[in-house]
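Each chain is listed here by its residues.
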Amino acid sequence: MSELSKAYAPADVEASWYARWVDSGCFTADPSSTAPSYSIVIPPPNVTGILTLGHVLNNTLQDILARRARQTGHEVLWLPGTDHAGIATQTVVERQLRKEEKKTRHDLGREAFLKKVWEWKEKHGGIIIGQLKKLGASCDWSRERFTMDEAYARKVQEVFVDLHGKGLIYRGKRMVNWCPVSLTALSDEEVIPKKQKGYLYHFKLEVVEAPGTWLEIATTRPETIMGDTAVAVNPKDQRYAHLIGKHVRRPLPLDVEVQLPIIGDEAVDFEFGTGVLKVTPAHDKTDYEIGLRHNLPVIDIMNADGTLNDLAGEGFAGLDRFEARVEAVERLKELGLLTREEPHENNVGFSERADVPIEPRLSEQWFLKYPKTVEARDAVRNGLIRFFPKRWEKVYDHWLENIQDWCISRQLWWGHRIPVWYAPESSGEGPRIQIESPGEGWIQDPDVLDTWFSSWLWAHDTMDEAVRAKFYPTSVLVTGPDIIFFWVARMIMAGLEYTGEIPFRDVYFTGIIRDKQGRKMSKSLGNSPDPLDLIAKYGADGLRFGIIRVAPQGQDIKFDEKQIEEGRNFANKLWNAARFREMQGPCNPSPDPAGLPLPDIAIHLLHRFDTMHAALCGAYADYRFHEVAGLLYDFFWGDYCDWFVEAAKPILNGSDEQAKNAILTVMDATLSGTLRLLHPLMPHVTEELWKRLGFQAPASASGSGERAGLLLYTVPPAEKLLNLPETEITAASTRTTALYTAIHAARNLRAEFKIPSQQQVRFLLAPKEEIHDSRRAIFAGLTRASGLEILDKMPPAGTPSVVTDLGTIYMPLEGLVDLDAERKRIAAEITKVEAELVKVEAKLADTSFVEKVPANVLEDHRQRREKWSEKLETLKTTLQGLG
RNA sequence: GCGCGAUUAGCUCAGCGGUAGAGCGCUUGCUUCACACGCAAGAAGUCACAGGUUCGAACCCUGUAUCGCGCACCA
């Protein structure tokens, strides 16, 4: 074995291990396995996508779960894939087409354009998959899926036909959210409300039947006046009720003279604006509904791209809607009708993808009345599906309670084409809902389906019969709360409808990663670091560990590169601890500390490991990943490196071979144990060290032998490194804690007296009880002292001292005794101890405390009082000794 | 308007009834024979505010404030 280098260099290690895992087929799920199954379907990233920190978090969590499940003896399927992402992908390819060939998709025609998109997909679609591999994702790549795979696409169309047959899908002319840039309808979920600063324009109109009476109207959209077909007031509004039935003259367009009826409708809020509403049925959802109630004509004055059409009249036709707004205000001014422009903030719906205000538009679309809404709601309400964190259950429930039909058709080309065929003109037949063409002359619906209409089948239609039999329902879904409606809720409904089962047992919602200012990471802000750069700089393991460690359950994460640096540092710490072990000679491949004469520090360490392991199992059960990371970090860095290894050095440098051997075995057991438990989080470095140090799975473990390596090592659920009677463990732990605390106190004493680290000192101990030589050696080693000698006569008055659980420790400083300084120091210490003592005593003096408190807490307080008063006594004696 | 979250050390955040924690940053000392991506020591907090419950509250309850998110409204 080559010697380990001084600093861990992740790049080569990570690449070579990943290749070995894939080659050995370790990630490939076996549907015929008899082991219990564990499965996850990846939230398919967009084919256009590149890896973001959000993906890193999300997929690291899934990888941890997958690898942990392998370790706990499961047959694991982590099914990967990508999403065709209709609008996003089409937009990217169209942009490229415009840039490189100065053409639009219409110049190419549907077929040629789609060919381009497929070419683009073949070329770029694998990027994000490659990036996931760099991260170490243990997906079953042999089962990679794409939402436009032939088989999958067929399922999507079958579902459409089926739901249509059940009467749940229908076509209708409705008010939809129209994106004037993408030129397609959108679902309600794709509309993002944004606060906008604008104006509320007030203008007045004279009542035709009552000259001299004016109605003042407030609107944020004067550019739609040309589409107005009524003016509405609330019939209960005393100010205006008497005018209902009369008319006003519509001011625009100038060359068309139209009288609008004044109608009464309950939907008008008389608190808002002037209490008079202009009604534009073609360009506002509420107005459209009012129009239906009052049988109003509908005048559509806009083109699909948000420009105004000829019905808007002279001077407006051809203008963009926002230019038209300015123009309309000008005209009203000229007419002397504009009375006021009042600054006004309102919410405007923006298209999620194109980031422009959507336009309410009347159009013919396909809609879905969701299936299994009640069952889907109950599945979560009744705990059949569990959400982590639980609070999202309420959000989910609320959405399902108020669910609206889903507009599923999109006026795009890239996607699953709607399986509806229209008859040749002459035939007079109605449309047919089927996948294959009914024959010559039939024309397929030009629209495609909303991307989510394919994603909602992801949990089951990515699997074939055999795989589904073994791995469906899946174990857990790991995703962001931002797609709880888009995806999670819909998948639950689809699962219930098409498999009769829930698609997953648990849903873990990650937090959202934000920048230092708390803003969402986004391409446009340029505030999202490239994870590949971070991997290059800190290693995939460093990135994974760093991000997991700061990602508490469901809380948003403010990203700071420092966090990743910590992850890298931890990998390096691990590396160097292994390096140190390697320098002591070969490791025991299957170390077992049982039966060895273990010193206290070893018992203490092994017990700490077992305690940590138990806590870790609990943390996994509730998906508290950051706790898993924290436990391993604290145990390894603190308990193992800082204390145990340092304390063991005197023994390792000593001559007692038996003691040395015991220490090395304990190190091997702890190191290999840590590598195993850490593997799901930092797979590459742990695998590398496992191999380099020569550890092996015991023969009893499944996936045994050298072939499998760490990836397939099965950790027994209740594995313990230490099997000793409880009393023995407690005694050894107490002694070790006392020793370590004393060491800390002595180091503090050194620092206070500014003894340089390299300078040796002597410590003298007035022991409280017998103390073994080996413990004194440890003490000396960790305090850089020549020794801890047992006091035979009192040192000179004023010798710095500290009271510890081992006894009082003196640090003789020849010729440097400063009585006054020492007096002050002790006095300060007394003040502190007294304060603690007062607190404890006050509690114990309180009868209701003593009566009501649980026994263990009471005992705890009593011991504390004991300890503090003992310490106080010693300190007082010392102070007296100083004269 | 309704709902949800956050408010703890300079920063980023854990903790969520029984002696206030971590990492970073800061101060001091260390090229100590695994690691300066390190070691040791230290300073630093009325746990947003006001009430309440409790023997005991950062933690539970009620309210307030500030920030953020979602839903609804949005003329």
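Just above, that's the structure.
Thresholds, definitions, all that
Residues numbered from 1 in each chain as written. Chains lettered and ligands numbered in written order. Predicted model: local features only at pLDDT ≥ 70, side-chain atom pairs only at ≥ 80, totals over all residues. Heavy atoms only, no water. 1 Å grid on protein atoms, 1.4 Å probe; cavity = no way out; pocket = protein on both sides within 12 Å on 5 of 7 lines; lining within 4 Å. Points joined across faces, edges and corners; volume = space filled by probe spheres on them. Helix = DSSP H or I, 4+ residues; strand = E, 2+ residues; numbered from the N terminus. Nonpolar A, V, L, I, M, F, W, Y, C, P; charged D, E, K, R; others polar. Salt bridge = Lys/Arg side-chain N within 4 Å of Asp/Glu carboxyl O. Buried < 20%, exposed > 50% of the residue type's maximum accessible area, 1.4 Å probe, protein only. Phe/Tyr/Trp six-rings, centres within 6.5 Å; stacked < 30°, edge-to-face > 60°. Lys NZ or Arg CZ within 6 Å of the ring centre and 35° of its normal. Disulfide = S-S within 2.5 Å. Core = buried A, V, L, I, M, F, W, Y, C linked by side-chain atoms within 4.5 Å. Contact = heavy atoms within 4.5 Å.

*Asks:* I'd love a proper account of empty space enclosed by the protein, names of residues and values included.
*Replies:* Counted under the stated rule, the structure contains 1 cavity of 30 Å³ or more. Its boundaries defined by the atoms lining it, the largest cavity holds a volume of some 30 Å³. Lining the largest cavity are Phe545, Gly546, Arg549, Val550, Gln563, Glu566, Gly567 and Tyr633. At the level of elements, helix H17 (540-549) and helix H18 (561-583) are the ones that each hand at least two residues to the lining of the largest cavity. Considering only residue class, the lining of the largest cavity consists of 3 nonpolar, 3 polar and 2 charged.

*Asks:* How would you sum up the pattern of salt bridges? Please name residues and give values.
*Replies:* For the coordinates displayed, the defined rule picks out 56 salt bridges. Salt-bridge contacts for glutamate 497 lead to lysine 166; the nearest nitrogen and oxygen are separated by 2.6 Å. One end of the pair, glutamate 497, is in helix H15 (residues 484-498); the other, lysine 166, is in the loop between helix H7 (150-165) and strand E5 (169-179), with 331 residues separating them in the sequence. With relative accessibility at 16%, the residue glutamate 497 sits in the buried group. Look at lysine 166 and you get partly exposed, because its relative accessible area is 42%. Aspartate 639 serves as the salt-bridge partner of arginine 608, at 3.1 Å between the closest nitrogen and oxygen. Of this pair, arginine 608 sits in helix H19 (residues 600-621) while aspartate 639 sits in helix H20 (residues 625-652); the two residues are 31 residues apart in sequence, bridging distant segments of the chain.

*Asks:* Summarise the packing of aromatic side chains; cite the residues concerned and give the values.
*Replies:* On inspection of all chains with the given rule, the structure shows 39 aromatic pairs. Ring centres 4.7 Å apart and planes at 65 degrees place the aromatic pair phenylalanine 388 and tyrosine 623 in the edge-to-face group. Of the two residues, phenylalanine 388 is situated in strand E15 (residues 386-388) and tyrosine 623 in the loop between H19 and H20; the sequence distance between them amounts to 235 residues. The class for phenylalanine 388 is buried, based on a relative accessible area of 11%. Take tyrosine 623: its relative accessible area is 7%, and that puts it in the buried class. A centroid spacing of 5.9 Å and a plane angle of 45 degrees characterise the contact between tyrosine 508 and tyrosine 623, whose relative ring orientation is tilted. Of this pair, tyrosine 508 sits in strand E23 (residues 504-509) while tyrosine 623 sits in the loop between H19 and H20, and the two are 115 residues apart along the sequence. If you follow lysine 121 out to its NZ or CZ, it ends over the ring of phenylalanine 146, 4.2 Å from the centre. Of note, arginine 174 hangs over the ring of phenylalanine 367, and the distance from its end group to the ring centre comes to 5.4 Å.

*Asks:* An account of the state of the cysteines is needed here, citing residue identities and associated values.
*Replies:* Tallying each qualifying case throughout the model produces 0 disulfides. Distance from the sulfur of cysteine 26, which forms no disulfide, to the nearest cysteine sulfur (cysteine 139) is 14 Å. Classification of cysteine 26 by relative accessible area gives buried; the value is 11%. Using a relative accessible area of 0% as the deciding quantity, one classes cysteine 139 as buried.

*Asks:* Describe the nonpolar core, naming the residues involved and giving the relevant values.
*Replies:* One recurring pattern in soluble globular proteins: nonpolar side chains tend to sit buried together. In terms of nonpolar packing, the biggest core is built from 183 residues, with Phe453, Tyr640 and Leu681 touching the most fellow members. Among the elements that line this core, the one with the most residues is H20, at 15 residues. Counting 29 residues, the second largest nonpolar core, distinct from the first, contains Leu205, Tyr240, Leu243 and Ile301.

*Asks:* Break down the side chain of glutamate 688 for me, with residues and values.
*Replies:* Mapped onto the elements of the fold, glutamate 688 is located in helix H22 (residues 683-692). In this structure glutamate 688 comes out as buried when scored by relative accessible area, which is 11%. Once you skip the residues sitting within four places of it in the chain, glutamate 688 turns out to touch Val13, Trp17 and Trp575.

*Asks:* So, unusual backbone geometry: which residues are in play, and what are the values?
*Replies:* Trans peptide bonds make up the majority, and among non-glycine residues the majority have a negative phi. Residue proline 389 is reached from phenylalanine 388 by a cis peptide bond, and omega for that bond is -5 degrees. Within the element layout of this structure, proline 389 appears in the loop between E15 and helix H11 (392-401). With omega at -5 degrees, the peptide bond leading from tyrosine 472 into proline 473 counts as cis. One can find proline 473 in the loop between helix H14 (465-471) and strand E22 (474-479). The backbone of asparagine 295 sits at a positive phi, close to 60 degrees, despite the residue not being glycine. Following the sequence through the fold, asparagine 295 ends up in the loop between helix H8 (285-294) and helix H9 (321-334). Notably, lysine 754 is not glycine yet its phi reads approximately 50 degrees, a positive angle. By secondary structure assignment, the location of lysine 754 is in the loop between helix H24 (726-752) and strand E26 (761-767).

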